[in-house]
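Residue-level structure breakdown
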Amino acid sequence: MGDSLITIVTIILAAILLFVFPMITIADRTDDISQIAVQTATVDFVDSVRETGKITPDNYGDFIEKINSTGNTYTVDLELRRLDENPSKKTASAEPQKIGENTYYSIYTTQIENELNSGTLYLKQGDMFSAGVINSNQTLAEVLKNFFYQVTGNSANTITAKHAGVVMIDGQ
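Think of each chain on its own: its residues are numbered from 1, step by step along the sequence as written. Residues qualify for local features only when their pLDDT is at least 70, as the model is predicted, and side-chain atom pairs are given and counted only at 80 or more; totals for whole chains, interfaces and linings, by contrast, use all residues. Processing note: side-chain calculations cover all non-hydrogen atoms of the structure and skip hydrogens and water entirely.

Next up on the list: the pattern of salt bridges. Definition used for salt bridges: Asp or Glu carboxyl oxygen within 4 Å of a side-chain nitrogen of Lys or Arg. Inspection of the entire model under this criterion finds two salt bridges. For D32, the salt bridge is made with R29, and the minimal N-O distance between the two is 2.7 Å. One end of the pair, D32, and the other, R29, are both in helix α1 (residues 2–52), three residues apart, so they sit about a helical turn from each other. The buried label applies to any residue whose accessible area, calculated with a 1.4 Å probe on protein chains only, is under 20% of its type's maximum; exposed applies above 50%, and partly exposed to all values in between. A relative accessible area of 46% places R29 in the partly exposed class. R50 is the partner of D47 in a salt bridge, and the nearest nitrogen-oxygen pair spans 3.0 Å. Separated by three residues within a single helix, D47 and R50 lie in helix α1, roughly one turn from each other. By the burial criterion, D47 is buried, and R50 matches it. Strands here mean DSSP runs of E at least two residues long; helices mean DSSP runs of H or I at least four residues long; both are numbered from the N terminus.

A separate point is the sheet that holds strand β6 (residues 160–166). Judged by pairing direction, the sheet is antiparallel, and its four strands sit side by side in the order β3-β2-β5-β6 without closing on themselves. Where the open sheet ends on each side, the last strands, each with one partner, are β3 (103–108) and β6. Strand after strand, the sheet turns through a mean of 15 degrees between neighbouring axes, direction not considered. For two strands to count as paired, DSSP must find a minimum of two bridges between them. Both strand β2 (residues 74–84) and strand β5 (residues 128–135) contribute to a ladder of eight bridges, which runs antiparallel. Following the sheet pairing, D77 is matched in β5 by G132. Note on contacts: a residue pair qualifies if any of its non-hydrogen atoms lie within 4.5 Å across the two residues. Axis lines are fitted to C-alpha atoms, over the contacting stretch for helices. Their N-to-C directions set the angle, which ranges from 0 to 180 degrees. Strands in contact with helix α3 (residues 109–117) are β2, β3 and β5; relative to β3, the strand with the most contacts, it is inclined by about 75 degrees.

Pairs were defined over the aromatic rings of Phe, Tyr and Trp, the Trp ring being its six-membered one, requiring ring centres within 6.5 Å. Orientation was assigned from the angle between planes: stacked under 30 degrees, edge-to-face over 60, tilted for the rest. In this structure the tally under the stated criterion is three aromatic pairs. Seen in terms of ring centroids, F45 and F63 are 4.6 Å apart; in terms of plane orientation they differ by 10 degrees. Their pairing is stacked. Residue F45 is found in helix α1, and its partner F63 is found in helix α2 (residues 57–68); the two are separated by 18 residues along the sequence. As far as the burial class goes, F45 and F63 line up, both buried. Through a chain of ring-to-ring contacts, three or more aromatic side chains come together here, namely F45, Y60, F63 and F129.

Dropping the structure here:
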């Protein structure tokens, strides 16, 4: 009876070592590849917006398509900080045309998407644009790690990307 029990335990441990840990490693590598793809797509999208001064429905749709091609679902957070020049009356410079300091007001994802539904969103030089992407589903690696390591909480996102910059040219 004792030899049978040891044999069964040995077979179970061998199965775990031969199948489960390589599966976790492969799932981790898949997450790494998805991370690189999402980071690259985010950087390309933001840099394209900065260099052209506009967000078109086509380039936004291409961005969403690229990140979704990894097989995961994502939450995309966009922020456009529009430059509002000369909001005050006091003058602190020698230039009479320029009175006051520049301020920014923000437009977020839903507002940007609403404007894209009616056409291209044009930006001006000095605006700031940022995009953030976070996976909203649990990847296979997260599921396996939570099962085997009993990690508490499922809120850890493994695939994230952020990029921001100042628009370099007027879009119109």
